[in-house]
Amino acid sequence: GLKSRRGRSLVNFTPVTLAEGNGPTPSISPDYEYQVLIPWGEPLEPGGPAYSWPPTAEDQRQQIGIGHDGMTFFPIDRRMQEGDYSDRLFRKHWGQGNRHGMLAINHEFGRNSTVLGKDFPESLDDVRTSQHAHGVAVVEIKKQRNGEWQQVESENARRIHVNTPVRFSGPAASSELLKTPNGNIPLGTVNNCSNGHTPWGTYLTCEENFNGYFGATHNKATWTATEEHERYGFSENGFGYGWHVFDRRFDLSDPDYKNEENRFGWVVEIDPFDGTQVPVKRTALGRIKHEGATVTVGKDNRVVVYMGDDQRFDYIYKFVSAGDWVEMRANGVDPLDEGTLYVAKFNEDGTGEWLPLTIDNPALAARFADQAELLTFTRIAADILGATPMDRPEWVTVAPNSDVYCTLTNNSRRTEADAANPMAPNADGHIIRWRDTEEHTGTNFAWDIFLIAQDTHGTEESFSDPDGLWADPDGRLFVQTDGGQKDGLNNQLLVVDTNTKEIRRLFTGVTGDEITGLAITPDRRTLFINTQHPGNGDPSVTNFPAPQDGVTVPRDCTFVITRKNGGVIGS
Ligand code: FEO
Ligand code: CA
Ligand code: CA
Ligand code: CA
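Note on numbering: residues in each chain are counted from 1, in written sequence order. Labels are handed out in written order, letters beginning with A for the chains and numbers beginning with 1 for the ligands. Confidence filtering applies because this is a predicted model: local features only for residues at pLDDT of at least 70, side-chain atom pairs given and counted only at 80 or more, and all residues used for totals across whole chains, interfaces and linings.

**Student:** Can you walk me through the overall build of the protein chain in this structure?
**Tutor:** Only runs of H or I of at least four residues qualify as helices and only runs of E of at least two qualify as strands under DSSP, and these elements are numbered from the N terminus. Within the protein chain, the regular secondary structure consists of ten helices and 30 strands. Radius of gyration here is computed from C-alpha atoms only, and the compact-globule reference equals 2.2 Å multiplied by the residue count raised to the power 0.38. A compact globule built from 571 residues should have a C-alpha radius of gyration of about 25 Å, and the protein chain, at 22 Å, falls within 12% of that. Projected onto its principal axes, the C-alpha coordinates of the protein chain cover approximately 60 × 55 × 50 Å. Two residues qualify as a contact pair if the distance between their C-beta atoms, derived from the backbone, is within 7 Å. Counted over contacts in the protein chain with a minimum sequence separation of 6, partners at least 24 positions apart contribute 62%.

**Student:** Explain the pairing of strand S30 (residues 557-563) here, please?
**Tutor:** The side chains of a regular strand alternate between the sheet's two faces. Exposure criterion: with C-beta atoms placed from backbone coordinates, a residue whose C-beta has 20 or more other C-beta atoms within 10 Å is buried, one with 12 or fewer is exposed, and one in between is partly exposed. Within S30, six of the seven residues are buried, which leaves the element mostly enclosed by the surrounding structure. Bridging between strand S29 (residues 527-532) and S30 involves five bridges; their strand directions are antiparallel. Bridge pairing in S30 places Ile529 opposite Phe559. Any two strands between which DSSP finds at least two bridges are classified as paired.

**Student:** In this structure, what is going on with the nonpolar core? I would like to understand it.
**Tutor:** For soluble globular proteins, the rule of thumb is that nonpolar side chains tend to be buried together. Definition of nonpolar core: a set of buried Ala, Val, Leu, Ile, Met, Phe, Trp, Tyr and Cys residues joined via C-beta atoms within 7 Å. Counting 132 residues, the largest nonpolar core has Leu103, Ala104, Leu285, Val305, Val343 and Tyr405 as the members making the most contacts within it. In contact with Val305, not counting residues within four places along its chain, are Gly196, Leu285, Ala293, Thr294, Val295, Lys318 and Phe319.

**Student:** Any chance you could explain the sheet that holds strand S27 (residues 503-508) here in plain terms?
**Tutor:** Backbone hydrogen bonds are what pair the strands of a sheet, in a parallel or an antiparallel way. The strand order S1-S27-S26-S25-S24 describes an open sheet built from five strands, whose pairing is antiparallel. The sheet is open, and its two edges are formed by strand S1 (27-28) and strand S24 (466-471), each paired on a single side.

**Student:** Could you clarify how one ought to interpret the sheet that holds S30 in this entry?
**Tutor:** The strand order S2-S30-S29-S28 describes an open sheet built from four strands, whose pairing is antiparallel. Since the sheet does not close on itself, it has two edges, and those belong to strand S2 (32-37) and strand S28 (514-520), each with one partner. Here the strands of the sheet are splayed against their neighbours by 30° on average, with no regard to which way each runs. The pairing of S2 with S30 spans six bridges and is classified as antiparallel. Opposite Val36, over in S30, you have Phe559 as the bridge partner. Axis definition: a line fit to C-alpha positions, over the contact stretch in the case of helices; interaxial angles, taken between N-to-C directions, run 0 to 180 degrees.

**Student:** What's the story with unusual backbone geometry in this structure? I'm lost.
**Tutor:** Glycine aside, residues mostly have negative phi angles, and peptide bonds mostly take the trans form. Pro425 follows Ala424 through a cis peptide bond whose omega is -5°. Inspection of the secondary structure puts Pro425 in the loop between strand S21 (404-408) and strand S22 (430-436). Put simply, Phe544 and Pro545 share a cis peptide bond, and its omega is 5°. By secondary structure assignment, the location of Pro545 is in the loop between S29 and S30. Its identity as a non-glycine residue notwithstanding, Arg524 has a phi of 60°, on the positive side. Structurally, Arg524 is set in the loop between S28 and S29. A tally of 20 C-beta atoms within 10 Å means that Arg524 is categorised as buried. Positive phi is not limited to glycine here, since His533 has a value of about 40°. Here His533 shows up in the loop between S29 and S30. Classification of His533 as buried rests on a count of 25 C-beta atoms within 10 Å.

**Student:** What should I look at first to understand helix H10 (residues 378-385) in this one?
**Tutor:** At 3.6 residues per turn, the α-helix brings residues three or four places apart onto the same side. Every buried residue of H10 is accounted for by Thr378, Arg379, Ala381 and Ala382. Buried positions in H10, seen along its axis, are confined to an arc of 160° and lie on one side of it. Contact partners of the buried residues in H10: helix H5 (227-231), strand S17 (339-346), helix H8 (362-365) and helix H9 (371-376). In the stretch just after H10, Gly386 is the one whose phi turns positive, near 80°. Taken from the helix axis, the directions to the C-beta atoms give the arc we talk about.

**Student:** I tried to follow the environment of Arg476 on my own but got confused; where do I start?
**Tutor:** In this fold, Arg476 is placed in strand S25 (residues 476-481). Taking the C-beta count within 10 Å as the criterion, Arg476 has 25 such neighbours and is therefore assigned buried. C-alpha separation for the pair Arg476 and Ile569, spaced 93 residues apart in sequence, amounts to 9.9 Å. Each residue touching Arg476, except ones within four places of it in the same chain, is listed here: Leu10, Val11, Val495, Val496, Asp497, Thr498 and Gly570.

**Student:** Honestly, the pairing of strand S5 (residues 135-143) in this entry has me stumped. Any pointers?
**Tutor:** In terms of burial, S5 is a largely internal element, seven of the nine residues being buried. One ladder, built from eight bridges, connects strand S4 (residues 100-107) with S5; its direction is antiparallel. When the bridges of S5 are listed, His100 appears paired with Lys142. In this structure, S5 lies alongside strand S7 (residues 158-160), joined through three bridges in antiparallel fashion. Note that in S7 the partner of Ala137 across the bridge is Arg159.

**Student:** Mind showing me how you'd approach the environment of Phe120 here?
**Tutor:** Tracing the chain through its elements places Phe120 in the loop between helix H3 (112-115) and helix H4 (124-133). Those residues in contact with Phe120, other than ones at most four positions away along the chain, are Asn112 and Gly242.

**Student:** What should I look at first to understand H4 in this one?
**Tutor:** Among the ten residues that make up H4, eight are buried, leaving the element largely enclosed by the rest of the structure. Those residues of H4 hidden inside the fold are in contact with helix H1 (57-61), S4, H3 and helix H6 (243-246). Positioned one or two residues after H4, Gly135 has a phi angle of 115°, which is positive.

**Student:** In this structure, what is going on with the environment of Thr521? I would like to understand it.
**Tutor:** Structurally, the position occupied by Thr521 is in the loop between S28 and S29. For Thr521, a count of 23 C-beta atoms within 10 Å gives the class buried. Between the alpha carbons of Thr521 and Ala57 there is a distance of 33 Å; along the sequence they are 464 residues apart. Setting aside residues no more than four positions away along its own chain, Thr521 makes contact with Phe73, Pro75, Asn98 and Thr526.

**Student:** Explain the confidence of the model for the protein chain here, please?
**Tutor:** Do not read the predicted coordinates in detail wherever pLDDT is low. A score from 0 to 100, pLDDT tells how confident the predictor is in each residue. Overall, the prediction assigns the protein chain a mean pLDDT of 95, with 96% of residues at 70 or greater. Among the prediction metrics, the complex's ipTM stands at 0.96, with pTM recorded as 0.97.

The following block contains the structure:
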């Protein structure tokens, strides 16, 4: 395991106490401070349309989206060169890159009541406002002389939303299953939850609960859900966004837009340094309710992407590139287009297997015509192989010693415990850990349960519903929560010493929010995190980040966190 220096604990800050960690405004350790950055509705760049509520569709297209979630900070430095990005990403010698960078941030969702000020859209224009509030923002940010971070004018700042042109790549790219009879080009990304970043300096955004934006309206009487629709949770009314009523692209019952729904549920690659790049949906990574896409470099310099499918009883996946990522790129092959997708099976004895999802397997060839169809319905392929149903896999992170951690946020419907999901029901979640036999590229692994949330209840280490996760280079594990916390707490950011399993609370959000998204400067002196759905959008609960004495809608925003003594975040 990792040894802390001089035997000191890795986590030495004074934590936020149970008594402090609640209410309509955030609390932070007295050793730290925070600044609010890029609330929903602020202009993407200086000079853009100013915040007003509710926004118009055209303004929202040029403003920060809602539902702040996964994000990555990409440092900007004169010395940065293509190809050596990963080596430098977490090094101290970045200099200017600790004060200046591109921030790519997901905008997972915002309810109509918050975005539009009404529960259901009344026009296509309303739908466009909602669609423009979803997606991704890329902003250029810089630390000012007074220490505050601000957006600056940028060639590459942009909004990517539900109507932005995208393209497909990988084994399913030219499949008929990704074409509609209408012939409309692929557009947009939605419900962008967690994220990842590649060694070559791009951002990965992940489409999670995409099913909820589709419905069946215009030919409702004749529409019935297919097996594939049911496995992915499509239904007549979706989640109540009502897009399908005014935008036929989201109407499952419109024959002109058959297969449109297959165009969502992918991992999407975005170049944060090229505002003109068309985002790429990487089909080799499968179609699931993608939580995140955590990239690491494994044996033989192959890239490995760990991914959770966040639904009760769904699975954990990994993708392994066909070869050395540097060589693949030198040969003009994208490392995320060629490789093997696996799904995890956790055995009762603490061992596990990665099961390859390939059409070469006769059991899968019996169900699917080709690899493209298999990937489009990845969940069904994983069902056939007997993957282990988990308690809602959320984020994955890879520690420097090659331990991999994954949050299993909760599962209210579990009636039978197994070794990997030991609570039934699992009201508060747990964190599982594994180590691959072949440096992330193998077909076997050993695993254990790292933490069970319920064990912390009634103590100062209390947390529930772990979701966001990041292992730092020193052996700290950062844990973010999304769900009903116990002991009177709001959702929170905790730091765990993985040597001792001691947990300290660094930050708590505001009533009704979740704490998510985790990005860091190369020197680890500046941390970015988010509050999502503060007050669940209800101004009578909180007005945050506005002062608490007015009546304004609460807004999702980013927090810039620093240690008062200038130290490494988490120390
Ligand atoms: Fe969007 Fe599973 O959290
Ligand atoms: Ca999440
Ligand atoms: Ca969650
Ligand atoms: Ca969320």
